[in-house]
Structures are given as C-alpha cells and as structure tokens.
Amino acid sequence: MDQYTLNLLVVGASFALYIGIAIWARAGTTAEFYAAGQGVPPVMNGMATAADWMSAASFISMAGIIALAPAGGYTQSSFLMGWTGGYVLLALLLAPYLRKFGKFTVPEFVGDRFYSKGARLVAVICLIVISVTYVIGQMRGVGVTFARFLEVSTDTGLYIGAAIVFAYAVFGGMKGITYTQVAQYCVLIVAYTIPAIFISLQITGNFLPQLGLLGGYAPTGGDVAFLAKLDAVVTELGFTQYTADTTSMLNMVFFTMSLMIGTAGLPHVIIRFFTVPKVSDARWSAGWALVFIALLYTVAPAVGSMARLNLTTTFWPNAETGLALDGDAISLEEINTNPDLAWINTWQNTGLLGFEDKNGDGLIQYYNESNPEMQAIAAERGWTGNELTTVDNDMMVLANPEIAALPGWVIALVAAGGLAAALSTAAGLLLAISSAVSHDLIKGSINPNISEKGELLAARISMGFAIVLATWLGLNPPGFAAQVVALAFGLAAATIFPVLMMGIFSKRVNKEGAIVGMLVGLFTTAIYIFLYLGWFFIPGTATLENIPANWLFGIAPASFGTVGAILNFASAYAVSAVTKAPPREIQELVESIRVPKGAGAATGH
Amino acid sequence: MAEEPQNNNAYWAANVRIIQISLVVWALVSFGFGIILRPALKGISVGGADLGFWFAQQGSILVFLVLIFFYAWRMNKLDAEHGVEE
C-alpha cells in the first residue's frame, strides 16, 4: 500500500471516530451545549482540555521553533514555561471560583460580578476578538496539514476541515466536543511520542525522550553529553550555541509572563472548567490537564534538539563521530541515490526544505553564512553561501518519522495527529464564540425571554456563522498567522485575566473600575502590537520598524500583554478607589464564590 | 449562623496563604531558576547543560504539576477542616 492510501485510511478512520462520538453525544439542552451538563469526570476533562489547548502550533511548530531558533534553543524556553505555567494560575486563581459561580460563559461572570451589562458587553468584545484571531491559525493549520499529507490544495483542505468541525460541533455542542477531544488527545499524543521515542533511542540510546535530552550521545559511545555534542556541532558551523543565554532577560521574563497569564485568560480554556461536577473537581481537573499537556511539552524540546542534530549530521556526515569540517558535506549524488535520504527530496517538493548547489561542486554545504569566521572558511574552501536554503520549523515534527526511517503507518499517524490538534482547538474556540453570541448577546441583551429551545437553536446557528467566518478568514488571513496569535495572547493577558482575578480576589473593584481596566488593557496592548506589526495586520502599515531598538524598554510586541495587564490592574484599582463601592449583594456574591459549599448545577438564569 | 462569616474569613485567609506560598515556588522555578538566576547557577551542570537550562525546558513544568496537585489536595483538606466542602 502506498503512503498516500495509508494516510487517507488513517485520517479517514480518525474522522469516522469523531463523527461517531458526536452522534452518540448529541446535546439536547443548553446546559449540555454550553457545559456538557456538568457531568464530565476530572481526568476526562483534563484530557479534553489538553486537546483543546494544544493547537496546530503546539503539535507541528513548537519543537521546530525551539530547535531552529537563531539565538539558540534556550531562548525559546518561554513557550515551554509560559504555556504550562498558565495552568498553575488557572488552578489557583480562577478555575475553582468560576466553577462555584456556576454559569456558562466568561462574560456572564463579568456581567454579574460587576453588575453591569456594559462590562459584559466589553468582555464579549474581548472574547470574540481573542477567539476569532486564534481560530484563524487553526483553520490554516487544518488546511496546511491536509495539503501536505493528502495532496489537495490548502483551500480544499480548509473546506473539508470546516465541514468536519461543523458536523460534530454544531450538533454535539460542548458535550460532543468534549468527548471528541478525548479521542483527539489520544490520537495526537500517540502520534507525537512514537517518533520521539525512536529518535531518542537512535541518538541517545534512551527510551524516554525527556531523559534522552540529558543523556549521552550514543553514536560515540555515550561519553559525550548529547547537549554538549549539539552545542559543539552547531557552533562549529557558525551558529549560536544551542544552550546560549538570552540577550534580553527582561523581554524573556515579560514574554513568559504574557504567555502564562494569556493562557489563564483564554476563554475557550476557562469554559472547560465549567463542565466538571464540583469545585474540587475543577482543581483536580487543571492538574490532569497539565499532566496530559506536559506529556507533549516535555517531549517537544527533546524532539526539536535531536531532530536538529540529526539534520546537521545528515548534511555533514563526518560530524556524527568527529568534526563536521574534517569531512565533506553531503553530495547531491548521495541525496538522489541513498534510499535512507529519500525524505530530503520528498520534503523539498513541499517547500519546507530547500537546497541549492550554489558553487556547483556537487556538495551541499550547510553553515551560517552571516558569521564572519564562517565567511573566511567559506572563501578558503570555495563556498559561495549556505546551500541548505530553507528549513521550515514544521519540518522538525512532520519529517521526523521519515528521517528516523519509521514505517508508513507512523507517518500517517502524524498526519492524523496534526489534524486532531488543529480540529480540537478550532472546535473549542468556536464553542466559546457561539456561547458568547447566543448566551451573552442574544439571551443577555437582545431577547432575555428566549425559550430554552430557541436559545439552543440560536447557539447552533451562531456556531454555524462562526465556522463560516473562520473559514473565510482562514482563506484570506490578515497578515501572518503567528502575529495574529501574538494579539490573541496579548489581549487575553491584558483584558480577561485581570478582570476575572479582580472579580474574585477583590470586593472593592466596582463596575467603573472593571470597564476602564478592560478598555485600558485592550487599547494599550492592541495599539502597541499594531504599531510594530501593522494596523489591523495590513501589511505595510506599521508605524515603527519591528526591531529591538524601537521597542519600549526592549519589550517586544508579543511580550506586551504583561504590561497591558499591569495597566489594567492599576487603572481598575485607581478608578474603583475614587468611585462608589459595589453594592452589598455583590460583596455577598464574592463571599459565596470563595467557598465551595453549595455549588449546585450551573444555571443559565 | 453568626459564626459562619468569621469561619469563611478564616478559610479564605488560609486559602490565600496557600496560594501565596505556591506562587512563590511557581515564580522561583520559572522566572528565577529558569531565567534570572540562570547565570548564577551556571556552575551546576545537569546532563550536558546547566541547572537553569534544565529548569527552563523541563524542571519548571514538573514543579508546576506538583504544585497543582499539592494545591488540590491541600484545599480539599482545608475545605473539610472548615466544613465548607460540597
């Protein structure tokens, strides 16, 4: 059976599974549609949260972002700490209290706690901007994965993905999505770890990639540490040391913090904790979510660094046991004739890997051409530039099974895993958007007397609209997906997280404070990002060039969420201090969400 | 019933104290060991790299896990002590 048929079979089987689960777990009430009827056990909710959280970016791109970072793999540790540390904040500061509050949406909490439809509306706007920008990247991820493995165009892939999400999200609601996500988690984690185990065995002789990262380098007998070997090989070719320190500690701290509080403020993650039966379950559930996330996140830096070394020694065969430059670079002839290296041509066809014999010597020299020392060596040896012209971040995960010469079904599984990661996140985001529209806008403002049946229908229709909008944006993405995601995290950090935290931990912050705080966080963060990345991401409209010298105190646009959050807290407290304290019943509401006792089923009224 | 608000205040104060201690650990392993203190910890090597590198890429995640489960366990105990469990 050829690889294409195998991919089609495995991906098709996984889709049949998702649809089957959706039919079994159809939502019949709004409680089931918004919060899966509060009947999801903590371990299962943890698994669903992990799938909801881990997007195409985590699955496909993160290992490569770390492995190929120009400033060294260490500098990108922010993603690892930030995207996991946020769960500590969720578990300690938000999840249990929001579950006790017992409503369906994030804006609903903001509206009740700050006794204001205006506050609820501002929260809805923030939620929709965050979730819509985030969903664009997921739809792109679905399209790209389809295009790579199933030989259809990115646009066709996007339509197929949208149809699948439509089928199970619109009918199943949160209940269908939750159980589908459990299945999707299983698919994606198996797909991620199998190639990782093989590559770890190959390079370090260690079965567990997490230990392999710290282990010895197997091809030379294991006396030299793997990371020391990697550092030696990349520096020999003029690249920055893999474990090199960051050049801007302040920016790294702010970026990590933005990702942490951004994670804790993402509405589609928060609403997952409304689905568990009890307050104590919300606490456990956050722990289980992090267990399942950590399974991938502790493997990612190992996969990335090992794939980087593998790639380098492939292009410099002598580097495997000695010094790269003592031997010749790989020859074109070898690439075209050695069946073990067939993946190089395969991936060149996708555009993720590119090479070009610039000096016509029949060899492909891979080195850092902007390093002066390497330029001297190049001049001496007659090289005319780095000949491995493209190595896409996504290569590190997608091509891993082929680099490690694993069987075809593993490759098919990676395709299904990438799709599972993107689809599960897209479904969670679409649910957050549709519940904000049907529950907060329609029931909360436009038509409070809407019947249960009417609201359920409204939820399904708004979900349908959200999918159409997401598909359209996926076909016509504004700017680059990566920049758009920076905005989603920045805004979640600067708006949703602070307002929820103040709503729980302060009895004094009032509606004026909350509204001003959210608006200050929203505008400062959005404006700072637009200044450097283009107004509304329209290319060519950036006011300032996006380089460190232009940044305020050296803080990158993607790190600004932390500053936005600080400004939100400060302005909310300041405004609250000079305006009237919240009414007595609101202070009692705060008292009641602080104790678990008396948490019943969530109600929509 | 007059006793209840006082009990709830004591419960909340105890909860806030546990949160504070947990967050100090949270910040120490990530922002501390992983970033700011990394240069100072260069001397301690862990499998080919240094302690700070390990905390940034693996250690902090493991500590986060322990922290969340510790908090869930400790709070369940606290809920029972103050009679506010569900």
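Residues numbered from 1 in each chain as written. Chains lettered and ligands numbered in written order. Predicted model: local features only at pLDDT ≥ 70, side-chain atom pairs only at ≥ 80, totals over all residues.

### With respect to the overall build of chain A
Of the regular secondary structure elements, chain A holds 25 helices and 4 strands. Its C-alpha atoms give chain A a radius of gyration of 25 Å, near enough to 25 Å, the size a compact globule of 605 residues would have. Overall, the C-alpha framework of chain A stretches about 80 × 55 × 45 Å when taken along its three principal axes. Per-residue burial over chain A gives 59% buried out of 605 residues. Excluding contacts between residues fewer than 6 apart, the proportion of contacts in chain A whose partners are at least 24 apart in sequence is 80%. (Helix = DSSP H or I, 4+ residues; strand = E, 2+ residues; numbered from the N terminus. Rg over C-alpha atoms; globule rule 2.2 N^0.38 Å. Buried ≥ 20, exposed ≤ 12 C-beta atoms within 10 Å, placed from the backbone. Contact = placed C-beta atoms within 7 Å.)

### Some points on the overall build of chain B
Across its full length, chain B holds 2 helices and 2 strands. Listed N to C, the secondary structure of chain B is α-β-β-α in terms of helices and strands. Radius of gyration (C-alpha) of chain B: 18 Å, far over the 12 Å computed for a compact globule of 86 residues. Taken over the C-alpha atoms alone, chain B extends approximately 60 × 20 × 15 Å along its principal axes. Burial status across chain B gives 37% buried among its 86 residues. In chain B, once contacts between residues fewer than 6 apart in sequence are set aside, the share between residues at least 24 apart is 55%.

### A few points about the environment of Y115(A)
Residue and element names in this part refer to chain A. You can see Y115 is positioned in the loop between α6 (106–113) and α7 (117–150). A tally of 16 C-beta atoms within 10 Å means that Y115 is categorised as partly exposed. Each C-alpha atom of the pair Y115 and P583 lies 8.9 Å from the other, and the pair is 468 residues apart in sequence. If we ignore the near neighbours within four places in the chain, the residues touching Y115 are K511, P582, P583 and I586.

### Here we look at the nonpolar core
Formed by 236 residues in total, the largest nonpolar core has its most connected members in L188(A), V303(A), L430(A) and I68(B). If we ignore the near neighbours within four places in the chain, the residues touching V303(A) are A63(A), A196(A), I199(A), P209(A), M396(A), V397(A) and N400(A). (Core = buried A, V, L, I, M, F, W, Y, C linked by C-beta atoms within 7 Å.)

### Some details on unusual backbone geometry
All names here are of chain A. Unusually for a residue other than glycine, A36 sits at a positive phi of about 50°. For Q38, which is not glycine, the phi dihedral falls at a positive 50°. Note that Q38 resides in the loop between α2 (30–35) and α3 (42–53). Judged by local crowding, Q38 falls into the buried class, with 20 C-beta atoms found within 10 Å.

### Let's talk about the environment of G118(A)
Residues and elements named next belong to chain A. Within the fold, G118 resides in helix α7. Assessed through the 13 C-beta atoms surrounding it within 10 Å, G118 is described here as partly exposed. Residues G118 and A494 lie 376 residues apart in sequence; the distance between their C-alpha atoms is 18 Å.

### Quick notes on helix α10 (residues 226–236) of chain A
Of the residues making up α10(A), those classed as buried are F226(A), L227(A), K229(A), L230(A), D231(A), V233(A) and V234(A). Immediately downstream of α10(A), the backbone of G238(A) shows phi near 90°, a positive value.

### Re the interface of chain A and chain B
Contacts between the two partners involve 42 residues from chain A, matched on the other side by 37 residues from chain B. At the level of elements, α5 (77–101), α10, α11 (249–264), α13 (279–297) and α25 (584–594) of chain A are the ones that each hand at least two residues to the side of chain A that touches chain B. If one sorts the elements of the side of chain A that touches chain B by residue count, α13(A) sits on top with 10 residues. Its residues assigned to classes, the side of chain A that touches chain B shows 26 nonpolar, 10 polar and 6 charged. (Nonpolar A, V, L, I, M, F, W, Y, C, P; charged D, E, K, R; others polar.)

### Focus: the packing of α6(A) against α7(A)
Residues and elements named next belong to chain A. Two elements in contact, α6 and α7, have axes separated by 7 Å at closest approach and are oriented at 155°. Put simply, α6 runs roughly antiparallel to α7. When the axes of α6 and α7 are compared, the crossing they make is right-handed. The segment α6 lies against α7, with V106, P107, E108, V110 and G111 engaging K117, A119, R120, A123, V124 and L127. Taken together, the residues of the contact of α6 with α7 sort by class into 7 nonpolar, 1 polar and 3 charged. (Axes fitted to C-alpha atoms, helices over the stretch in contact; angles between N-to-C directions. Parallel < 35°, antiparallel > 145°, perpendicular 65-115°, else oblique. Left-handed = near helix turned anticlockwise from the far one by under 90°.)

### Section: the environment of T133(A)
All names here are of chain A. Within the element layout of this structure, T133 appears in helix α7. For T133, a count of 23 C-beta atoms within 10 Å gives the class buried. Taking the C-alpha atoms as reference points, T133 and P477, 344 residues apart in sequence, are found 9.5 Å from one another. Contacts of T133, omitting those with residues within four sequence positions, involve V484, L487 and A488.

### Comments concerning the confidence of the model for chain A
The pLDDT averaged across chain A works out to 90; a share of 98% of its residues lies at or above 70. Mean pLDDT in chain A bottoms out at helix α19 (residues 400–403) of chain A, which sits at 82, and peaks at helix α24 (residues 561–578) of chain A, which reaches 97. (pLDDT = per-residue confidence, 0-100.)

### Details of α11(A)
Along its 16 residues, α11(A) runs 23 Å from first to last C-alpha, staying within 8% of the 22 Å computed at 1.5 Å per residue. In terms of residue burial, α11(A) counts as a mostly covered element, since 14 of its 16 residues are buried. (Expected span 1.5 Å × (residues − 1).)

### Considerations on the packing of α7(A) against helix α21 (residues 452–475) of chain A
Residue and element names in this part refer to chain A. In the contact formed by α7 and α21, the axes pass within 8 Å of each other and the chain directions differ by 70°. With respect to α21, the axis of α7 lies roughly perpendicular. Crossing of α7 over α21 shows right-handed handedness. When α7 is examined against α21, the residues V135, I136, M139, R140 and G143 are found in contact with a partner set consisting of A470, T471, L473 and G474. Here the residues of the contact of α7 with α21 are counted per class, giving 5 nonpolar, 3 polar and 1 charged.

### Observations concerning the confidence of the model for chain B
Confidence in the prediction for chain B averages 91 pLDDT; 94% of positions are at 70 or higher. Confidence, expressed as mean pLDDT per element, reaches its minimum in chain B at strand β1 (residues 45–46) of chain B with 88 and its maximum at helix α2 (residues 51–81) of chain B with 96.

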